[in-house]
Amino acid sequence: MSKSNSSSLTPTFFILNGVPGLEGSHIWISFPFCSMYLIAVLGNSGLLYLIHHEESLHRPMYYFLALLSFTDVALCTTIVPNMLCIFWFNLKEITFNACLFQMFFVHMLTGMESGVLMLMALDRYVAICYPLRYTTILTNSVIAKAGFITFLRGVMLIIPFTFLSKRLPYCQGNIIPHTYCDHMSVAKVSCGNVKVNAIYGLMVALLIGMFDICCISVSYTMILRAVVSLSSADAQHKAFSTCTSHICAIVITYVPAFFTFFTHRFGGHTIPHHIHIIVANLYLLLPPTMNPIVYGVKTKQIREGVIKLLFGEKGFLA
């Protein structure tokens, strides 16, 4: 009997309402999001192709950048096509299982992105503090294992989200005031006790986010100590300039993440709900859009690789 009641309280589909309060402006909102998606896909796909094609970029730093680009493309593609269907064609329905799948991939890929940024910080630490042992420490095998462990961490920590959401009874309707299936947005539709969901969500945020930030902070503390100890100002500038792109990527990723995290918990009654939704989308779209631009502008080897690819060896040397 309980099984029957439980299954009757599981909706066959949810309705993603887009940006609540701004339904009349969905078409206008869609244009910047669509533009960001196109820039993200083209930019990151271009980086992947360049790193694969250009032998001078077959180094640990660029392998991690390729992993970041792949993660960014997958993350954008998980949410934007469905979002544009809501904005352009008013196709708001998403099946229950598809919603759980989207929820899993959104959270797993954001965790993966954070993990890759942490690995890139460790890469810069090894490159600056142990330059003569850089290639012997960060071998292809070590890079592959580090990427796989980061992926496995995300999968193992995020899988419970789907089970915790699936067990809940949904008797308050099936309308989710969001553009994609987020863990707590889905849980809030339930009429059951979501305390476990909230606590586990906070634990995952601490286990992934805080751990990665601590590793990044420790890495850059050691990098600063190593750079300051260099005798030449030119050597200091050259050593630290290799980190500028990564620092920009960290700021672009974590600032919107912290804003989203704290406003959801402490600014829920003072900040309009549509601002929460727009910022939540920017949190997922801004890093994939900006990362290829930042690395293209700040990294000399990538700029040279693009010129070489576009104009050939002769144009590059000229």
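The structure displayed is predicted, hence computed values, not measured ones.

Caption draft 1: How the structure looks around the sheet that holds strand 2 (residues 93–95). Taken in spatial order, the 3 strands make up an open sheet running 2-1-3, and their pairing is mixed. Taken across any chain shown, the strands that pair with only one partner, and hence form the sheet edges, are strand 2 and strand 3 (175–176). Across 2 bridges, strand 1 (residues 13–16) lies against strand 3 in parallel orientation. Its bridge partner lying in strand 3, L16 is registered against I176. Relative to the sheet, helix 4 (residues 96–129) contacts strand 1, strand 2 and strand 3, its axis offset from that of strand 2 by approximately 85°.

Caption draft 2: Summary view of the side chain of N44. Turning to its location among the elements, N44 is positioned in helix 2 (residues 26–53). In contact with N44, other than residues within four places in its own chain, are I39, S69, D72, V73, P288 and P292.

Caption draft 3: Layout of the state of the cysteines. The final tally for this structure, using the stated rule, is 2 disulfides. One disulfide in the model links C171 with C191; its S-S distance is 1.6 Å. Between C171 and C191 the disulfide shows an S-S torsion of about 130°. By sign, it is right-handed. Here the residue C171 occupies a position in the loop between helix 6 (140–166) and strand 3, and C191 occupies one in the loop between helix 7 (183–187) and helix 8 (195–228), the gap between them amounting to 20 residues. With a relative accessible area of 44%, C171 lands in the partly exposed category.

Caption draft 4: Layout of the UniProt feature "transmembrane region" (unreviewed entry) in the protein. As annotated by UniProt and renumbered to match this structure, "transmembrane region" (unreviewed entry) occupies residues 27–50, 62–89, 101–122, 142–164, 198–227, 239–262 and 274–294. Helix makes up 100% of residues 27–50 and strand 0%, and the two end C-alpha atoms of the span are 34 Å apart. The span residues 198–227 shows a helical share of 100% and a strand share of 0%, and its end C-alpha atoms are spaced 42 Å apart.

Caption draft 5: Focus on a nonpolar patch on the surface. Judged by side-chain polarity, I27, W28, F31, W88, F89 and L91 come together as a nonpolar surface patch covering roughly 700 Å² of accessible area. Among the secondary structure elements, F89 is positioned in helix 3 (residues 60–89).

Caption draft 6: Fine view of the nonpolar core. Ranked by size, the top nonpolar core spans 46 residues in total, and within it F14, I176, C181 and V186 carry the most contacts. Setting aside anything within four residues of it in sequence, one finds V186 in contact with F14, C99, M103, Y170, I176 and C181. In this structure, M118, A127, Y220 and A226 belong to the second largest nonpolar core, which totals 38 residues.

Caption draft 7: Inspection of helix 4 at higher detail. Helix length check: helix 4 (34 residues) gives 50 Å between terminal C-alpha atoms against 50 Å at 1.5 Å per residue, within 8%. With 28 of 34 residues buried, helix 4 is to be regarded as a mostly interior element.

Caption draft 8: Just the packing of aromatic side chains, in detail. Inspection of the entire model under this criterion finds 8 aromatic pairs. Judged by centre distance (6.3 Å) and plane angle (85°), the ring pair of W88 and F89 falls under edge-to-face. With centroids separated by 5.8 Å and ring planes inclined at 70°, the aromatic side chains of F96 and Y170 adopt a geometry described as edge-to-face. Of this pair, F96 sits in helix 4 while Y170 sits in the loop between helix 6 and strand 3, and the two are 74 residues apart along the sequence. Look at F96 and you get buried, because its relative accessible area is 5%. These aromatic residues form a ring-pair network of at least three members: F14, F96 and Y170.

Caption draft 9: Spatial organisation of the packing of helix 8 against helix 9 (residues 233–241). Running from amino to carboxyl end, helix 8 crosses helix 9 at an angle of 160°, the nearest separation of the two axes being 9 Å. Relative to helix 9, helix 8 is oriented roughly antiparallel. Crossing geometry of helix 8 relative to helix 9 is assigned as right-handed. Mapping the contact onto sequence places I223, L224, V227 and V228 in helix 8 and Q236, A239 and F240 in helix 9. Within the contact of helix 8 with helix 9, the residues separate by chemical class into 6 nonpolar, 1 polar and no charged.

Caption draft 10: The arrangement of the packing of helix 2 against helix 3 in detail. One way to put it is that helix 2 packs onto helix 3 with a least axis distance of 9 Å and a crossing angle of 155°. Of the possible angle classes, the one that applies to helix 2 and helix 3 is roughly antiparallel. In this structure, helix 2 crosses over helix 3, and the sense of that crossing is left-handed. Residues belonging to the contact of helix 2 with helix 3 are distributed by class as follows: 22 nonpolar, 6 polar and 1 charged.

About the thresholds
Residues numbered from 1 in each chain as written. Predicted model: local features only at pLDDT ≥ 70, side-chain atom pairs only at ≥ 80, totals over all residues. Heavy atoms only, no water. Pairing = 2+ DSSP bridges. Helix = DSSP H or I, 4+ residues; strand = E, 2+ residues; numbered from the N terminus. Contact = heavy atoms within 4.5 Å. Axes fitted to C-alpha atoms, helices over the stretch in contact; angles between N-to-C directions. Disulfide = S-S within 2.5 Å. Buried < 20%, exposed > 50% of the residue type's maximum accessible area, 1.4 Å probe, protein only. UniProt positions renumbered as here; feature names shortened; annotations may be inferred. Patch = residues over 30% accessible without salt bridge, like charges linked within 9 Å, V, L, I, M, F, W, Y side chains within 5 Å. Areas by Shrake-Rupley, 256 points an atom, 1.4 Å probe, with all protein chains shown as cover. Salt bridge = Lys/Arg side-chain N within 4 Å of Asp/Glu carboxyl O. Core = buried A, V, L, I, M, F, W, Y, C linked by side-chain atoms within 4.5 Å. Expected span 1.5 Å × (residues − 1). Phe/Tyr/Trp six-rings, centres within 6.5 Å; stacked < 30°, edge-to-face > 60°. Parallel < 35°, antiparallel > 145°, perpendicular 65-115°, else oblique. Left-handed = near helix turned anticlockwise from the far one by under 90°. Nonpolar A, V, L, I, M, F, W, Y, C, P; charged D, E, K, R; others polar.

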